[in-house]
Amino acid sequence: IHPFLDGNGRVLSGNRSAQALFGYDADELEALSLGDLLVPESRRPVLEHLERLARRDGVDSLGAGHEAIGRVRQGGLVPLHITLGRIEGGEKLCAVFRDVTAWKRIEEELINARRSAEKASTAKSEFLAKISHEIRTPHNAIIGFSEVMMDERFGPIGSEPYRQYLKDIHASGGHLISLVNDLL
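About the thresholds
- Residues numbered from 1 in each chain as written.
- Predicted model: local features only at pLDDT ≥ 70, side-chain atom pairs only at ≥ 80, totals over all residues.
- Heavy atoms only, no water.
- Helix = DSSP H or I, 4+ residues; strand = E, 2+ residues; numbered from the N terminus.
- Rg over C-alpha atoms; globule rule 2.2 N^0.38 Å.
- Buried < 20%, exposed > 50% of the residue type's maximum accessible area, 1.4 Å probe, protein only.
- Contact = heavy atoms within 4.5 Å.
- Lys, Arg positive; Asp, Glu negative; His and termini not counted.
- Charge placed at Lys NZ, Arg CZ, Asp CG, Glu CD.
- Core = buried A, V, L, I, M, F, W, Y, C linked by side-chain atoms within 4.5 Å.
- Expected span 1.5 Å × (residues − 1).
- Pairing = 2+ DSSP bridges.
- Phe/Tyr/Trp six-rings, centres within 6.5 Å; stacked < 30°, edge-to-face > 60°.
- Salt bridge = Lys/Arg side-chain N within 4 Å of Asp/Glu carboxyl O.

## Points about the overall build of the protein
Part 1 of the reasoning: Looking only at helices and strands, the protein features five helices and five strands.
Part 2 of the reasoning: Put simply, the protein runs from its N terminus to its C terminus through helices and strands in the order β-β-α-α-α-β-β-β-α-α.
Part 3 of the reasoning: Computed over C-alpha atoms, the radius of gyration of the protein comes to 36 Å, more than 25% over the 16 Å expected from 2.2 N^0.38 for 184 residues, which places it beyond the range of a compact globule.
Part 4 of the reasoning: The 184 residues of the protein split such that 27% are buried.
Part 5 of the reasoning: Pairs at least 24 apart in sequence give 45% of the contacts found in the protein among residues at least 6 apart.
Part 6 of the reasoning: Across the protein, the centroid of the 23 positively charged side chains sits 2 Å from that of the 27 negatively charged ones.

## Some thoughts on the nonpolar core
Part 1 of the reasoning: Among the nonpolar cores identified, the biggest contains 23 residues, and Leu5, Phe22, Leu34, Leu80, Ile82, Leu84 and Phe97 are the most heavily contacted of them.
Part 2 of the reasoning: Counting only elements with at least two residues in this core, the list comes to helix 1 (16-22), helix 3 (40-55), strand 4 (77-86) and strand 5 (93-99).
Part 3 of the reasoning: The element contributing the most residues to this core is strand 4, with four residues.

## Considering the environment of Asp168
Part 1 of the reasoning: Inspection of the secondary structure puts Asp168 in helix 5 (residues 160-183).
Part 2 of the reasoning: Sequence separation between Asp168 and Asn15 is 153 residues; the distance between their C-alpha atoms is 85 Å.

## A closer look at helix 4 (residues 101-150)
Think of an α-helix as 3.6 residues a turn; residues three or four steps apart then line up on the same face.
Part 1 of the reasoning: For helix 4, spanning 50 residues, the distance from its first C-alpha to its last is 72 Å, which sits close to the expected 74 Å at 1.5 Å a residue.
Part 2 of the reasoning: For helix 4, the complete set of buried residues consists of Ser132, His139, Ile143, Ser146 and Val148.
Part 3 of the reasoning: Downstream of helix 4 by one or two residues, Glu152 has phi in the positive range, about 55 degrees.

## Looking at the pairing of strand 3 (residues 66-71)
Part 1 of the reasoning: Relative to strand 4, strand 3 runs antiparallel, the two being bridged by six bridges. Paired with Ile69 across the bridge in strand 4 is Pro79.
Part 2 of the reasoning: In sequence, strand 3 turns back onto strand 4 through a hairpin of five residues, with Gly75 there showing a positive phi of about 100 degrees.

## What to know about the packing of aromatic side chains
Part 1 of the reasoning: Scanning the entire structure with this criterion turns up one aromatic pair.
Part 2 of the reasoning: Measuring from centroid to centroid gives 5.3 Å for Phe22 and Phe97, while their planes differ by 80 degrees, and the two rings are edge-to-face. With Phe22 in helix 1 and Phe97 in strand 5, this residue pair connects regions lying 75 residues apart in the sequence.
Part 3 of the reasoning: Given a relative accessible area of 1%, Phe22 falls into the buried group.
Part 4 of the reasoning: Residue class for Phe97 comes out buried when judged on its relative accessible area of 1%.

## Some points on the pattern of salt bridges
Part 1 of the reasoning: As enumerated under the stated definition, the model contains nine salt bridges in all.
Part 2 of the reasoning: A salt bridge links Arg153 to Asp151; its shortest N-O distance comes to 3.1 Å.
Part 3 of the reasoning: Residue classification places Arg153 among the exposed residues on the basis of a relative accessible area of 57%.
Part 4 of the reasoning: Through salt bridges with shared partners, a single ionic network connects Glu67, Lys104 and Glu107.

## Side note on unusual backbone geometry
Part 1 of the reasoning: Despite not being glycine, Glu152 shows a phi value in the positive range, around 55 degrees.
Part 2 of the reasoning: Residue placement: Glu152 occurs in the loop between helix 4 and helix 5.

Okay, here's the thing in structure tokens:
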């Protein structure tokens, strides 16, 4: 999308893509300035660069370009990438506008996806912390009480099968805690 400008930023002509983007026909577009096509917040840096180009302060183009917000005739806004340059051997300047609406939408989708992933990661961490606490606490009690009983600190157990069951309980509890630790 290429409008041609004079050194003051007045639109001298604009191709059909520029007319379609901003919603003006050729005559209407030529009655505007570059500043008229931008929202106030975007005008200053672009117009300052245009002024440097017009003065020929050793700058021939904007280089990588500049992001700005364009204002269309119907009152809407359009995110733009603008590259300005001087046309060789003349006093005319050229502005190249690229509608970056799709890029901005993709950027927003990526930001939302990252936020969702971070939210899911936080939920996962909270879930794991809760599971860790809810499983480990009773299992540590089971392991601890089975150790106390195996040591017969409060008196003899009295039956060999019960002693074996306590060893099995203690071993199973330790194994389960080991599995939880591996999972977490």
